[in-house]
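Here are the chains, one letter per residue:
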Amino acid sequence: MEKNNPKGYLYLLPAFLFLGIFLVYPLMDVFVYSFQENYNFASQTYTGVGIYNFRYVLRDPFFLQALKNTFLLVIITVPLSTGLALLISLCLSSIEKLRDFFQTVFFLPYVTNTLAVGLVFMILFKKTPYSDGFMNLLLNAFGFASVDFLSGPYWAKMLVLCLYTVWIVMPFKILILTSALASVSQQYHNAARVDGASRGRIFWRITLPMISPSLFYLVITGFIGAFKAYSDAVALFGIDLNAAGMNTIVGFVYDMLYGRSGGYPSYASAAAVILFAIVLTITCINLLVSKKHVHYI
Amino acid sequence: MDYEQIEKNARRRKCLRDILLGLVLCSWAVIVLFPFYWMLLTSVKSYGSYNSEFIPRLFTLSPTLENYGSAFSQVPLGRYFLNTLVFTVITTALMLFVTVLAAFAFSRLRFRGRDLIFTAFLSLMMIPTELVVITNFVTVTDLNLRNSFLGLILPSVTSVFYIYLLKENFSQIPDELYYAAKVDGTSDFKYLWKVMIPICQPTIVTITILKVIECWNSFVWPRLITDDQNYFLVSVGIQEIRENGFGRENIPAMMAAVVVISLPLIALFLLFRKKIMAGVARGGTKG
Amino acid sequence: MNVTLQNLTKKFPNRNKKAGGEVTAVNDFTFEVPDGQLIGLLGPSGCGKSTTLYMICGLQAPTSGRIFFGDRDVTDLPTENRGVGLVFQNYALYPHMTVLQNILFPLENLKGKDRPGKEEMRRRAVEAARLVQIDSLLDRKPSELSGGQQQRVAIARALVKMPGVLLLDEPLSNLDARLRLQTREEIRRIQRQTGITTVFVTHDQEEAMSISDQIVVMKEGVVQQTGKPQEVYDNPCNLFVATFLGTPPINLFDGRVEKETLYIGGEALLPVPGIADQAVTVGIRPEGFVPEEQGPFSCRLLRTEIMGRDVSFVCTNDACRKETFRAIIQSDGTEQSHPETVRFRLKPGKVLLFDENGSRLRGTNHGKE
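Residues numbered from 1 in each chain as written. Chains lettered and ligands numbered in written order. Predicted model: local features only at pLDDT ≥ 70, side-chain atom pairs only at ≥ 80, totals over all residues.

Peer 1: What am I meant to see in the overall build of chain B here?
Peer 2: In terms of regular secondary structure, chain B is built from 15 helices and zero strands. The globule rule puts the C-alpha radius of gyration for 287 residues at 19 Å, and the 25 Å found for chain B is more than 25% above it. Taking the principal axes of the C-alpha coordinates as reference, chain B spans close to 80 × 75 × 35 Å. Among the 287 residues that make up chain B, the fraction classed as buried is 39%. (Helix = DSSP H or I, 4+ residues; strand = E, 2+ residues; numbered from the N terminus. Rg over C-alpha atoms; globule rule 2.2 N^0.38 Å. Buried ≥ 20, exposed ≤ 12 C-beta atoms within 10 Å, placed from the backbone.)

Right under this line is the structure:
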C-alpha cells in the first residue's frame, strides 16, 4: 500500500509553521533570554551570560510577594474547591429530579468571561464612601463589622481572591467528578450494601477509590491552574497588581514584560522559568504520592 | 437486634440526608446565580438611584435600559464587540484549517517519521503558554504587528490538544472506507472533505465551540499586544472600562457592559449545553 | 432460616415515559422457601425473577406485599441490615481490592459485638476461600482472575458472613459451557455443606432442574408452578411450563378428544378417560415415543441423528405445530433400516393435553403412571 506519501508533510505544513514559530522557537528562546544579562529591548544587545537574572528576580520584593500570594492561593483553593466539588457532585449524583437543571446552573461560570464577572465580584465586595457593598451588608446582618475587602487588610483581599478563584474553577471540577461518579457502576454500590456497608463506608471504601484517578487528575490540573492564576486577580484588583500587593507569579512575568514596570524580557523569562520549575516539581511530587493512593483499574 | 428501631433510624436518616442534599445543591446554585442576578439588577438601576443606595437594594421597581445605551455610546463597546467577533471567527477558522489537515495527515496518510512526529506533537501539549508568551511578545513587536489583527490572531491559532482529539476521532474511521474511495478514484482531499469531516462532525463542532469560548475570553495575549482602543477585545475592553471608562464610578453602566459581554457565550452554552459539557469533560481546562 | 414471600408485587413506571402507566414486574408472588433448601427461580428473561431476588435482599422495595425472614417482617429493613449474601450476575467484585480484601469486606462492615477480631476475620475469610477452592489466589486483583475464579470469589464474599439467606443472580450465565457444568455442582456442594437457605435465579431450565430442591417457574411476573423439579417436569400445570421445561422441548400437535379417545389427524392414539370432547393441544415429550410396527401414530421420517446412547428421530406430521418434531429412542446399538414412514406407540405418562387457553386437562387415570 502507500509506504511513503510525501503529501503527508504538505498537510502538516501549516501546523508545523504555527507550532514552530509560536511554540517551539519561543520555548527554546525563553531559556536563552533568562540567561542573557542586561538584555536591551531596543538595541537587542546583552552584556553577558549568567544567572544574574534569576538572582535579581529572587531578590525582587514584588516577586517574593507574588510567590507568597500564589502559594497561599494554591494551598487554599485547590483542596477547598476539590472537596467542595466532590460534595456537590455526590449530592448531584444522588438526585434524579432537577439534576439537569442543577448541572446546567453549576456549569455557568465556565462559560463566562473571567474579567467581566470579576467586576461583579468586585462591586459585591467593594466598600466605597457611598456604600459598604452587598457583602458587608451580609456581614452586618450577622453582627460583624464592615471590612474593606478590596483595599483593606491582606487577609481580606486574599479571601476575596480565593473565593472568586473557587467560584471560577468549580464548574470544571463538578463536571469531571459527576461524570466519574456516573461511571462507577451502581452494581458496586448494591454489592456493598448487600455486604452490609453503611453509606459512609461505601463512600470511603468503594466510591472514593474508584473515582481516585479523576480526583487525582483534578488535583494536578488544579495545582497547575492555580499556580498560573492571573486574570482573576486583575479582575478584582485592577491591572496594577503590585500596587495592590496582590500580584501573582504570572502577573509578575507580564508586568516585567510590559506595562508600567515593563521592558525587561530577561527578568520576565527568568521568572517564567522559575514558575515552570515550581509547577514541574509539584506535579512530580503529586505523581509520586499518587502511586500509593490512586487505583487505576 | 431491634428491627423496628433500625427501620425508624433508617427512615430518619434518609429524610435528614435528603434535606441536607437539597440544602447543599440549592446553596451552591444561589452562590453561582447570585453574581449573575446582581449584574442584571445593577445594570437596570439608574445611575442616580444606585449611588443613593447606601444599603444596596435586592430588587428595583423602576428598571431602566439607559445604562445599555451609555455602555455603547460612552465607551466603544460596539468596537470591542466587533473586534472580538472578527478575532474569534478568523482564529477559529484558521485553527480548524490547520487542525483538520494535521489530524488527517496523522491518521490517514503514511509517511516517513509519522509516529515520531506525532509523539513530538504530543509532548508539545505540556508546554505552558506562560513560557512562550515572552518570546512571542518580542517576535510580534519586532514584526511591527502590535495593534493589528494579525498580531492578535497568529499566536492564538494552534492548539495541539485539538489536533490530538480530532486525530483520535479520525483514526476510528475504518480503513475499508478509504480503500473503497480510492478504488472509486477519489482524491485524498476529496475523501477528507466528503467522508471524514461529515463522519467526525460532532468532534469538529466540539473543538469549534471550545475554541470560540477560549477566544471570547482571552485576555493575557490581547492585553500584551494591544494598547490602541481600536484593537481591544472585550476582556481588555472591560478592563479598560474598569480602569478609565464611565468616569470610573458609573457602576450600572459598567454592569450593562458586563451583561452584554456575557450574553453571547451564555446563549451559546444554553443552545449547545450537552455538546459543550461533553467536550469540556473530554479535555477542556480553564487555566 | 426460611424465607416467606407474601403477595409480593412490584410495579415500575413505564420506561417509555410518554406512554405512561406502569409495568408490573412481579405480580402477587406468594411462596415459602423452606429452611436449608436450594430453590431455583426459573423463567425467560424479563419475567421478574431478578426483581424478586432484589426485593428479597432489599435493593428494591416491593410495591405491596410482605417479606419474612423466619417470622420477622423485613420488608422495610434496609439491605445492609438484612444479613443476606448475594452473588451478582457479573460478580461485582470490587476491582481495586485484592481477593482477600474483597472477602474480608463484609466482615469489616459488621458492627458492635458481631464484629470479630482481626485474626478471626482473616481466619474466616481464608476458610471461605478454601470452601470455594481459591485460597491460593488471595493476593490477586479481580482483573487477574478468570471468569470461573471471579465467580468463586463472589460466592466466598457472599458466604463469609454466614448469611441467613444466600441469593444467586444468574450465577452461571457468564461462564463457558464446561465451567458451567462444573460450577453448578460446586454450588450444590457448597450449599449442602453450609446448609444455607439459597435462592438462585436462572433462565436455563437444565441448570435449575439439575441442582434445585424445588423450582419456581415464572412468566411475566406471575408464578406458574412450584414444586420438585421432576414433579413439575412430569406434571406441568399449563402449556407454558410444559414447553419451558425439557430439552429437546416438548413436541406440540393439534388434536381432539372424542368419546374419551385422543385423535391426532385421523388416528386414534390413546384412551383419555375423564376428558370431555373438544379440540386440544397435545404435548408429547421426545422420550414418549416408542417405535412399533403396529403403533397407532404414523409419521414421515426425515432423518435420524445418532447421539451415542440415544437415537433422535426427526419426523414430520401434518398435525405438528412446527415443521418437524423429535423423538428420542433408546438405541440398542444395531444399525436400523430407515423406512420412510415410522409408526409409534405413545407412553401415556409422556402425553399431556391442554385446552385452548393452555390449561392442563387431567384425565382420571393420569398421574398414576
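And the narrative resumes.
Peer 1: Would you take a moment to explain the overall build of chain C for this structure?
Peer 2: Looking only at helices and strands, one finds eight helices and 21 strands in chain C. Referenced to the eigenvectors of the C-alpha coordinate spread, the extents of chain C come out at roughly 75 × 50 × 45 Å. Counting across all 369 residues of chain C, residues that qualify as buried make up 40%. For chain C, the share of sequence-separated contacts (at least 6 apart) that also reach a separation of at least 24 residues comes to 66%. (Contact = placed C-beta atoms within 7 Å.)

Peer 1: Would you take a moment to explain the pairing of strand E4 (residues 64-69) of chain C for this structure?
Peer 2: The two faces of a sheet get side chains in turn, since along a regular strand they alternate between them. Residues and elements named next belong to chain C. Pairing of strand E1 (residues 3-13) with E4, which is carried by five bridges, proceeds in the antiparallel orientation. Looking at the pairing, Gln6 lines up with Arg66 of E4. Where E4 and strand E5 (residues 72-73) come together, two bridges link them in antiparallel fashion. Paired with Phe68 across the bridge in E5 is Asp73. (Pairing = 2+ DSSP bridges.)

Peer 1: Looking at this model, I keep getting lost on the nonpolar core. Mind explaining?
Peer 2: Note on soluble globular proteins: their nonpolar side chains tend to be buried together. Within the largest apolar cluster, 267 residues are counted, with the highest numbers of intra-cluster contacts made by Ala271 of chain A together with Ala257 and Val258 of chain B. If you tally residues by element for this core, the top one is helix H7 (residues 154-183) of chain A, at 16 residues. In this view, Ala271 of chain A contacts Val57, Phe63, Ile249, Phe252, Val253 and Met256 of chain A; residues no more than four positions away in its chain are not counted. (Core = buried A, V, L, I, M, F, W, Y, C linked by C-beta atoms within 7 Å.)

Peer 1: Help me out: how do you make sense of the interface of chain B and chain C in this one?
Peer 2: The accessible area lost on association of the parts is a frequent measure of interface size. Each partner contributes residues to the interface: chain B has four residues there, and chain C has five residues. Split by residue class, the side of chain B that touches chain C holds three nonpolar, no polar and one charged. (Nonpolar A, V, L, I, M, F, W, Y, C, P; charged D, E, K, R; others polar.)

Peer 1: So what exactly am I meant to see when it comes to the packing of helix H5 (residues 114-125) of chain A against helix H14 (residues 251-271) of chain B here?
Peer 2: When two helices pack together, their arrangement is captured by the angle between the axes and the distance separating the axes. Between H5 of chain A and H14 of chain B, the shortest axis-to-axis distance is 9 Å and the interhelical angle comes to 145°. Crossing of H5 of chain A over H14 of chain B shows left-handed handedness. Judged by residue contacts, Ala116, Val117, Leu119, Val120 and Ile123 of chain A of H5 of chain A engage Ile251, Met254, Val258, Ile261 and Ser262 of chain B from H14 of chain B. Residue classes in the contact of H5 of chain A with H14 of chain B are distributed as nine nonpolar, one polar and no charged. (Axes fitted to C-alpha atoms, helices over the stretch in contact; angles between N-to-C directions. Left-handed = near helix turned anticlockwise from the far one by under 90°.)

Peer 1: How do you make sense of the sheet that holds strand E6 (residues 84-87) of chain C when you look at a structure like this?
Peer 2: Residue and element names in this part refer to chain C. Spatially, six strands are ordered E6-E7-E8-E3-E9-E10 in an open sheet, and the strand pairing comes out mixed. Only two strands of the sheet have a single neighbouring strand rather than two, namely E6 and strand E10 (222-227). Neighbour to neighbour, the strand axes of the sheet diverge by 15° on average, direction disregarded. Where E6 lies against strand E7 (residues 165-169), four bridges are found, and the strand directions are parallel. Along E7, the bridge assignment pairs Gly85 with Leu166. Against the sheet, helix H1 (residues 49-57) touches strand E3 (38-42), E6, E7, strand E8 (197-202) and strand E9 (214-219), its axis set at about 150° to E7. Along the sheet face, helix H4 (residues 147-159) touches E6 and E7 and points at about 170° away from the line of E6.

Peer 1: Could you clarify how one ought to interpret helix H1 (residues 7-35) of chain A in this entry?
Peer 2: Along an α-helix, residues three or four apart share an orientation, since each turn contains 3.6 residues. Residue and element names in this part refer to chain A. Compared with the 42 Å implied by 1.5 Å per residue over 29 residues, the 40 Å span of H1 between its first and last C-alpha is a close match. Within H1, the axis deviates most sharply at Gly20, by approximately 50°. Of the residues making up H1, those classed as buried are Gly8, Tyr11, Leu12, Ala15, Phe18, Leu19, Phe22, Pro26, Val30, Tyr33 and Ser34. (Expected span 1.5 Å × (residues − 1). Bend = angle between axes of the 7 residues up to and from the residue.)

Peer 1: Mind showing me how you'd approach helix H8 (residues 160-171) of chain B here?
Peer 2: In this model, H8 of chain B (twelve residues) spans 16 Å end to end at C-alpha, consistent with the 16 Å of a helix rising 1.5 Å per residue. Within the span of H8 of chain B, buried status applies to Tyr162, Ile163, Tyr164, Leu165, Leu166, Lys167, Asn169 and Phe170 of chain B.

Peer 1: So what exactly am I meant to see when it comes to the domain arrangement of chain C here?
Peer 2: Residue and element names in this part refer to chain C. Segmenting chain C into domains produces domain 1 (3-242) and domain 2 (249-361). With centres defined by C-alpha atoms, the gap from domain 1 to domain 2 works out at 39 Å. Taken together, the contacts link six residues of domain 1 with eight residues of domain 2. Here the residues of the side of domain 1 that touches domain 2 sort into five nonpolar, one polar and no charged. (Domains from an automatic or database assignment.)

Peer 1: Got a minute to help me understand the packing of H8 of chain B against helix H11 (residues 201-217) of chain B in this structure?
Peer 2: Residue and element names in this part refer to chain B. The N-to-C vectors of H8 and H11 enclose an angle of 170°; their axes lie 10 Å apart at closest approach. When the axis of H8 is compared with that of H11, the two are roughly antiparallel. Between H8 and H11, the residues in contact are Tyr162, Leu165, Leu166 and Asn169 and Thr203, Ile204 and Ile207, respectively. Residues of the contact of H8 with H11, tallied by class, amount to five nonpolar, two polar and no charged. (Parallel < 35°, antiparallel > 145°, perpendicular 65-115°, else oblique.)

Peer 1: How should I be thinking about the interface of chain A and chain B in this particular structure?
Peer 2: In this complex, chain A contributes 78 residues to the contact, which on the side of chain B involves 71 residues. In terms of residues, the side of chain A that touches chain B owes the most to one element, H1 of chain A, which gives 17 residues. Of the residues contributing to the side of chain A that touches chain B, the split by class is 57 nonpolar, 16 polar and five charged.

Peer 1: Just checking my understanding: could you explain the sheet that holds strand E19 (residues 341-346) of chain C for this structure?
Peer 2: All names here are of chain C. An order of E15-E19-E16-E17-E18 is seen for the five strands of this open sheet, with the pairing classed as antiparallel. Looking along the sheet, the strands with just one partner apiece sit at the ends: strand E15 (289-291) and strand E18 (325-330). Neighbouring strand axes in the sheet, compared pairwise and without regard to direction, differ in orientation by 50° on average. Of the strand pairs in this sheet, E15 and E19 are connected by three bridges, and their pairing is antiparallel. Following the sheet pairing, Phe289 is matched in E19 by Leu346.

Peer 1: I'm lost on the domain arrangement of chain B in this one. Help?
Peer 2: Residues and elements named next belong to chain B. Here chain B is described as being made up of domain 1 (3-67) and domain 2 (75-283). Inter-centroid distance (C-alpha atoms) of domain 1 to domain 2 is 35 Å. Counting residues at the interface gives nine residues for domain 1, matched by eight residues for domain 2. For the side of domain 1 that touches domain 2, the secondary structure elements donating two or more residues are helix H1 (3-43) and helix H2 (47-52). Ranked by residues supplied to the side of domain 1 that touches domain 2, first place goes to H1 with four residues. Classifying every residue of the side of domain 1 that touches domain 2 gives four nonpolar, four polar and one charged.

Peer 1: Looking at this structure, how should I read the pairing of strand E14 (residues 278-284) of chain C?
Peer 2: All names here are of chain C. Relative to E14, strand E11 (residues 251-258) is paired through seven bridges, and the arrangement is antiparallel. By the bridge assignment for E14, Phe253 is matched with Val282. With four bridges connecting them, E14 and strand E20 (residues 351-354) associate as antiparallel partners. Bridge assignment links Thr281 to a residue of E20, and that residue is Phe354.

Peer 1: I keep staring at the environment of Thr30 of chain C and nothing clicks. Help me out?
Peer 2: Residue and element names in this part refer to chain C. Take Thr30: it is sitting in strand E2 (residues 22-33). Overall, Thr30 belongs to the exposed group, with 12 C-beta atoms counted inside 10 Å. Sequence separation of Thr30 and Phe289 is 259 residues, and the distance between their C-alpha atoms is 37 Å. Those residues in contact with Thr30 that sit more than four places away from it in its chain are Leu5, Gln6 and Asn7.

Peer 1: Where do I start with the environment of Ser34 of chain A in this structure?
Peer 2: Residue and element names in this part refer to chain A. By the element assignment, Ser34 lies in helix H1. C-beta crowding within 10 Å serves as the criterion here: with 23 such atoms nearby, Ser34 is assigned to the buried category. Placed 20 residues apart in sequence, Ser34 and Phe54 show a C-alpha to C-alpha distance of 7.5 Å. Among all residues touching Ser34, those that are not within four sequence positions of it are Asn53, Ser266, Ser269, Ala270 and Val273.

Peer 1: Just checking my understanding: could you explain unusual backbone geometry for this structure?
Peer 2: For residues other than glycine, phi is negative in most cases, and the peptide bonds are mostly trans. All names here are of chain C. Pro248 follows Thr247 through a cis peptide bond whose omega is -10°. Structurally, Pro248 is set in the loop between helix H8 (239-244) and E11. At Glu170, a position not held by glycine, the phi torsion is positive, near 45°. Take Glu170: it is sitting in the loop between E7 and helix H5 (177-194).

Peer 1: Explain the confidence of the model for chain B here, please?
Peer 2: In low-pLDDT regions, the fine details of the predicted coordinates are not to be read closely. With 96% of its residues at a pLDDT of 70 or more, chain B has an overall mean of 87. Of all the helices and strands in chain B, H2 of chain B carries the lowest mean pLDDT, 80, while helix H4 (residues 77-108) of chain B carries the highest, 93. (pLDDT = per-residue confidence, 0-100.)

Peer 1: Help me out: how do you make sense of the environment of Leu115 of chain A in this one?
Peer 2: Assignment of secondary structure puts Leu115 of chain A in helix H5. The sequence separation of Leu115 of chain A and Ala271 of chain A amounts to 156 residues, and the corresponding C-alpha distance is 24 Å. Not counting residues within four places of it along the chain, the set of residues in contact with Leu115 of chain A comprises Ser231, Val234 and Ala235 of chain A together with Phe219, Ser235, Ile238 and Gln239 of chain B.

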